[in-house]
Amino acid sequence: PQLAGTRVAALDHNATHIQHSLSGSLVDSRPLYTGSFHAAGSACASVECGTRGVAFFGTPIGEPRQNVPSPCHCKQLCLESVDEGCRSWRIHEFTDVNFSPANAAHSHVTCVLMSTPYSEAGLQTSAHAVSGHVDIVVHGLSTTEVHADTTIALSVVGAAMPSQSTRHIDQQRLKLVASSGTCADAPPTSVSGVQCSADTICHPGPTTGNAGSATWGGLQVLSVGTAQTFKACYCAGPCVAAHHWVELPEPLSVLPGTHTHTFSTVATTPITRAASFNLVVSRPAFTDLSPPQYWKVKLVPATGACTAAASAGFTIADAATTTTTDTATWGVVVGNTAAMERYLVCFCSSESLEETHEGTDVAPWTSSETVAGVAAAEGWTGCVYRPITNGIDQYITVTARTADLTVPQGFFLDRSFTARVDATVAVVATGSQLVDLRQKSKLRVVDGDCSAHPTAVAGFSFEAKTELSDEGKITYAFQVANTVVAKRYSLCVCPVPSADNANTLCETDANPSAAYSSKLGTLTVSSKIDAPRKWYFTPEESQSLEIQGSALSLTSDRMMVIPCTGSCGVSSPATALIAPAHNGTAAMFNDFFPENGVTDQLPALPPVDAQFSTTRDTFCSGNMPAAELSAETAAHLCSAKCAGGCTGPTCFCDGHFAGFESDTALCLPRSECQLACDQHAGCGSFDMHQDLPRCHLNTVGPCAETVMDTSYDLVIKAAPTTRRLATVATTGALLRFTPIRFSSSGTFKVCFCDSALGACMATSDYSAEVGEVHVTGVSCALQQPRLTNTHCYKQTNGGLSCWGGSEPVITLA
């Protein structure tokens, strides 16, 4: 909106008006005030500026403006006066007859501009007032010209910027982009001090800040020999998308630095492992006096800084191989161990020695002896390295050779496999380029280490080797006799591919055991567990996991859940498993006993956390008296905590209504209000302010009066439930582990520790894979009769258990 007859430009000063930034929605940097809303059907949406029903009182700027058409016009006048100090505004609207005999009603509208920053503390209830602020206005950088190769601090100056009082100061971000780019781009590599994990996600936040400015220190722009220009981009926060960033009004000019050295590389081929190249450092004539024979260079990984040690992947002489008046050349050899990545080129010209010696009577660069003498006299201990550029960036890159991109032929080793006594087992071996090995490879089960060349264990009869179309898999099927002892064995594979492709060692059973020296993995043979099965769970619900077999031990057998990409006996527990709680190790699962509802009769557990439902735009008049609150909760009463001067982000005093505070209001966010209500048996609901950390606890029972109010939500506590005990016992045929709960969907492996093979103490003891858990919302569909697989059943405490054969008969003791 605009006042009739005024200029089209909304701001009479060079600044950018930023709206809606802290909400994470589209940042609107248009100079005129705009409002955004989502239209739903025929619903109407308010386009009014400010907050109606409250009057903010601050220090006025000039005389009140009369007959301003609307609150948005009043806000626009404040925006146009930001450079004159306007930070908040208030408009009064009222109608009277002014003692007119004819009772002719007429309106008065007064707009007051104020220099006081808008805050809840300055508000008073007024039916005829609307008050507001200027959102965020940024004028630009405090300086628009700096020098390259120096550490600089850049400050963004403005009005009503995020500050400690708004708790959003650390969300602000600043970045420099190329003059030809946009704020959706990442900073050039010549800019340091700002790192971006994505083009629009950068850090760090400001080192200091207040409502008038935010400052970023530790920035540097490397010199490229000429002046540079960058666009300065600012984000008030959050900063995750291109539309969260705005370009500041003035660009940043970077003048050439005092250090003008640049580098170039001379190589006949791309720089790869086992290659060599020349690294040449040069300078314009007469830019410094340091002799090139005393220059030094080193290469460090790009993720580090020039203060780091030189990478061990390169061989570079300490002194330059050849020098001229203004250049120095080093021969660089790239080793076979050099990582294929970018490296920072770091340079020292000994200028620090020259500068410390400046003004003395000794010519500093006449001979090496003189240099050494000056160094000793001045206490100079070594080079101070700094990055230099090739005119584009400060890196060289080691790229891959053809040999580096060739995947070697062979099996993936040290995996886990599971078998049951007196059953047929399929072992799927994976690897790379296995086509040539399908006819030649064989497996052998041994009791011991494959490298010790033990003989094969009797009782394992290999029946078939499946020729899969997948080049990375070979399936071996074999029978485990009923005479095989349950324990952990090694699966040894022959051959180990070699350069001469000597793959004929496995052709007959008479081959020497030395041919089977490579361990494919560990084979856990158990006499307890049934065939592998699948479980289907729903996320965020407590369910049970039932493992079936024979002679299972309630007191000693255990299970663990790991990611689907892991290996049983090797991998740590899945982080998505939130019940039972664990610290990423096997320790908790060692004490996670199966449920036993017959012999143990576990005591009743306390109620689970109460569940809450929300009724919008409503509050209940039956607040709990402050005297009924616990001491812990009463400490958060706004009248006690905030009126007493509590400061800081954990005080939540934004919810304090100074001057007309209720004696039952708690200054807490919703999560803490919900916890407080949950911990008070006499609390049946609470009134939660929609925008502020402010709530009132209500007593149990119906509200004395339910009041419509668009500022509050009524959050009602449901009656708590008590966890029930299992009614079916765990037996030797079934172990029921509960509760099992996952935070998200996914597929996971279930690993079993057979106590007959050893105590369940370490991750390696959970080496038997007994199936997969599929956590998905469709598990409810599998319970429908017409959709249920005939080989699935619903477990006692929730979740489905499925297998590939007929349903086993479980005998309960």
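Residues numbered from 1 in each chain as written. Predicted model: local features only at pLDDT ≥ 70, side-chain atom pairs only at ≥ 80, totals over all residues. Heavy atoms only, no water.

1. Notes on the overall build of the chain
Turning to step 1, where the next piece is worked out: Each helix and strand in the chain was counted, giving seven helices and 50 strands.
Turning to step 2, where the next piece is worked out: Counting all 813 residues of the chain, 43% fall into the buried class.
Turning to step 3, where the next piece is worked out: Intrachain contacts of the chain at a sequence separation of at least 6 include 72% that bridge at least 24 residues.
Turning to step 4, where the next piece is worked out: Split by element, the accessible area of the chain, about 38,800 Å² in all, is 55% carbon and sulfur. (Helix = DSSP H or I, 4+ residues; strand = E, 2+ residues; numbered from the N terminus. Buried < 20%, exposed > 50% of the residue type's maximum accessible area, 1.4 Å probe, protein only. Contact = heavy atoms within 4.5 Å. Areas by Shrake-Rupley, 256 points an atom, 1.4 Å probe, with all protein chains shown as cover.)

2. Points about the packing of aromatic side chains
By convention here, two paired aromatic rings are described through the distance between centres and the angle between planes.
Turning to step 1, where the next piece is worked out: One pass over the full model with this rule turns up 10 aromatic pairs.
Turning to step 2, where the next piece is worked out: Arranged with centres 5.3 Å apart and planes meeting at 85 degrees, the rings of W295 and F347 form a pair that is edge-to-face. With W295 in the loop between β20 (276-282) and β21 (296-301) and F347 in strand β25 (residues 342-348), this residue pair connects regions lying 52 residues apart in the sequence.
Turning to step 3, where the next piece is worked out: Residue classification places W295 among the buried residues on the basis of a relative accessible area of 1%. (Phe/Tyr/Trp six-rings, centres within 6.5 Å; stacked < 30°, edge-to-face > 60°.)

3. Let's talk about the state of the cysteines
Turning to step 1, where the next piece is worked out: Evaluated as defined, the whole model comprises 16 disulfides.
Turning to step 2, where the next piece is worked out: Between C306 and C346 runs a disulfide, and the two sulfur atoms are separated by 2.1 Å. One disulfide, between C306 and C346, carries an S-S torsion of -85 degrees and so falls in the left-handed class. Highlighted residues: C306 in the loop between β21 and β22 (314-316) and C346 in strand β25, separated in sequence by 40 residues.
Turning to step 3, where the next piece is worked out: The class of C346 is buried, set by a relative accessible area of 0%.
Turning to step 4, where the next piece is worked out: In this model, C450 is linked to C492 through a disulfide, with the two sulfur atoms separated by 2.0 Å. (Disulfide = S-S within 2.5 Å.)

4. A few points about the environment of E628
Turning to step 1, where the next piece is worked out: With respect to the helices and strands, the residue E628 is situated in the loop between β41 (618-620) and α5 (631-634).
Turning to step 2, where the next piece is worked out: Residue classification places E628 among the partly exposed residues on the basis of a relative accessible area of 47%.
Turning to step 3, where the next piece is worked out: Along the chain, E628 and C683 lie 55 residues apart, while their C-alpha atoms are 9.7 Å from each other.

5. Let's talk about the pairing of strand β38 (residues 558-563)
Turning to step 1, where the next piece is worked out: Within β38, five of the six residues are buried, which leaves the element mostly enclosed by the surrounding structure.
Turning to step 2, where the next piece is worked out: In terms of strand pairing, β38 meets strand β47 (residues 746-753) through six bridges, oriented antiparallel. Bridge pairing links M560 to C751 in β47. (Pairing = 2+ DSSP bridges.)

6. Re helix α7 (residues 670-679)
Turning to step 1, where the next piece is worked out: Restricting attention to buried positions, one finds in α7 the residues C673, A676 and C677. Seen along its axis, α7 keeps its buried residues to an arc of 95 degrees; they face one direction. Along α7, the residues that are exposed and aim more than 90 degrees away from the buried face are S671 and Q679.
Turning to step 2, where the next piece is worked out: Where α7 is buried, its residues touch β40 (612-615), α5, β42 (683-689), β43 (695-699) and β45 (712-717). (Arc of directions from axis to C-beta.)

7. Re the nonpolar core
Where a protein is soluble and globular, its nonpolar side chains tend to be buried together.
Turning to step 1, where the next piece is worked out: If you look at the biggest cluster of nonpolar residues, it comprises 33 residues, and the most contacted ones within it are V138, L141, L154, V156, L176, Y234 and L248.
Turning to step 2, where the next piece is worked out: Contributions of two or more residues to this core are made by β7 (136-141), β9 (152-159), β10 (173-178), β15 (213-221), β16 (228-235) and β18 (252-255).
Turning to step 3, where the next piece is worked out: For this core, the element with the highest residue contribution is β16, accounting for five residues.
Turning to step 4, where the next piece is worked out: The residues touching V156, leaving out its near neighbours within four places in the chain, are V138, G140, L141, M161, L174, G212, S213, A214, W216, Y234 and L248. (Core = buried A, V, L, I, M, F, W, Y, C linked by side-chain atoms within 4.5 Å.)

8. Some thoughts on the side chain of Q394
Turning to step 1, where the next piece is worked out: For Q394, the location among the structural elements is in the loop between β26 (386-387) and β27 (395-397).
Turning to step 2, where the next piece is worked out: Not counting chain neighbours up to four residues away, the residues in contact with Q394 comprise T189, S190, L222, F263, Y343, L344, V345, P387, I388 and T389.

9. Concerning the sheet that holds β38
Hydrogen bonds between backbone atoms are what pair the strands of a sheet, whose relative direction is either parallel or antiparallel.
Turning to step 1, where the next piece is worked out: Here we have six strands laid out as an open sheet, ordered β38-β47-β48-β36-β50-β49, and mixed in their pairing. With partners counted over all chains shown, the strands left at the sheet margins are β38 and β49 (792-794), one partner each. Between one strand axis and the next, the sheet turns by 25 degrees as a mean value, whatever way the strands run.
Turning to step 2, where the next piece is worked out: For strand β36 (residues 533-537) and strand β50 (residues 800-802), the ladder comprises three bridges, and the chain directions are antiparallel. When the bridges of β50 are listed, W535 appears paired with S801. (Axes fitted to C-alpha atoms, helices over the stretch in contact; angles between N-to-C directions.)

10. Focus on the side chain of S571
Turning to step 1, where the next piece is worked out: Its location among the elements puts S571 in the loop between β38 and β39 (577-579).
Turning to step 2, where the next piece is worked out: There is a polar contact of 2.8 Å between the side chain of S571 and the backbone nitrogen of S567.
Turning to step 3, where the next piece is worked out: Among all residues touching S571, those that are not within four sequence positions of it are M560, I562, G566 and T763. (Polar contact = N/O pair within 3.5 Å; in protein donor to acceptor, adjacent residues only side chain to side chain.)

11. Looking at the pattern of salt bridges
Turning to step 1, where the next piece is worked out: Under the criterion given, the structure shown has 18 salt bridges.
Turning to step 2, where the next piece is worked out: For D326, the salt bridge goes to R283, with nearest N and O atoms at 2.8 Å. Here D326, found in the loop between β23 (322-323) and β24 (327-334), pairs with R283, found in the loop between β20 and β21; they are 43 residues apart in sequence, far enough to count as distant. Across the pair, exposure class does not vary: D326 and R283 are buried alike. (Salt bridge = Lys/Arg side-chain N within 4 Å of Asp/Glu carboxyl O.)

12. What about the sheet that holds strand β34 (residues 488-494)?
Turning to step 1, where the next piece is worked out: Read across the sheet, four strands follow the order β29-β35-β34-β31 without closing on themselves; strand pairing throughout is mixed. A strand with exactly one partner marks an edge of an open sheet, and here the two such strands are β29 (415-420) and β31 (442-446). Pairwise comparison of adjacent strand axes, ignoring direction, gives a mean angle of 30 degrees for this sheet.
Turning to step 2, where the next piece is worked out: Of the strand pairs in this sheet, β31 and β34 are connected by five bridges, and their pairing is antiparallel. Across the sheet, L443 pairs through a bridge with V493, a residue of β34.

13. What about the confidence of the model for the chain?
Turning to step 1, where the next piece is worked out: Confidence along the chain averages 79 in pLDDT terms, with 78% of residues attaining 70 or more.
Turning to step 2, where the next piece is worked out: Below pLDDT 50 for its whole length, residues 597-608 participates in 16 contacts with residues either more than four positions away or in separate chains.
Turning to step 3, where the next piece is worked out: Confidence drops under a pLDDT of 50 for residues 779-790, and excluding neighbours within four residues, the segment shows 12 contacts in the predicted structure. (pLDDT = per-residue confidence, 0-100.)

14. Some points on unusual backbone geometry
Of all residues except glycine, most have a negative phi; of all peptide bonds, most are trans.
Turning to step 1, where the next piece is worked out: In the segment running from A579 into P580, the intervening peptide bond is cis, with an omega of 5 degrees.
Turning to step 2, where the next piece is worked out: Topologically, P580 is positioned in the loop between β39 and α4 (587-590).
Turning to step 3, where the next piece is worked out: Put simply, T738 and P739 share a cis peptide bond, and its omega is 0 degrees.
Turning to step 4, where the next piece is worked out: Even without a glycine there, the phi angle at A274 is positive, about 65 degrees.
Turning to step 5, where the next piece is worked out: Exposure remark for A274: the relative accessible area of 53% places this residue in the exposed category.
Turning to step 6, where the next piece is worked out: Of note in this structure, F652 is not a glycine but carries a positive phi near 60 degrees.
Turning to step 7, where the next piece is worked out: Tracing the chain through its elements places F652 in the loop between α6 (638-641) and α7.

15. Things to note about helix α1 (residues 71-80)
Because an α-helix completes one turn every 3.6 residues, residues spaced three or four positions apart along the sequence face the same direction.
Turning to step 1, where the next piece is worked out: Across the 10 residues of α1, 10 count as buried, placing the element largely inside the fold.
Turning to step 2, where the next piece is worked out: All buried positions along α1 are accounted for by P71, C72, H73, C74, K75, Q76, L77, C78, L79 and E80.

16. Describing the environment of E93
Turning to step 1, where the next piece is worked out: Following the sequence through the fold, E93 ends up in strand β4 (residues 88-96).
Turning to step 2, where the next piece is worked out: Sequence separation between E93 and P69 is 24 residues, and the spatial gap between their C-alpha atoms is 9.8 Å.
Turning to step 3, where the next piece is worked out: In this structure the side chain of E93 is engaged in a polar contact, spanning 3.2 Å, whose partner is the side chain of R52.

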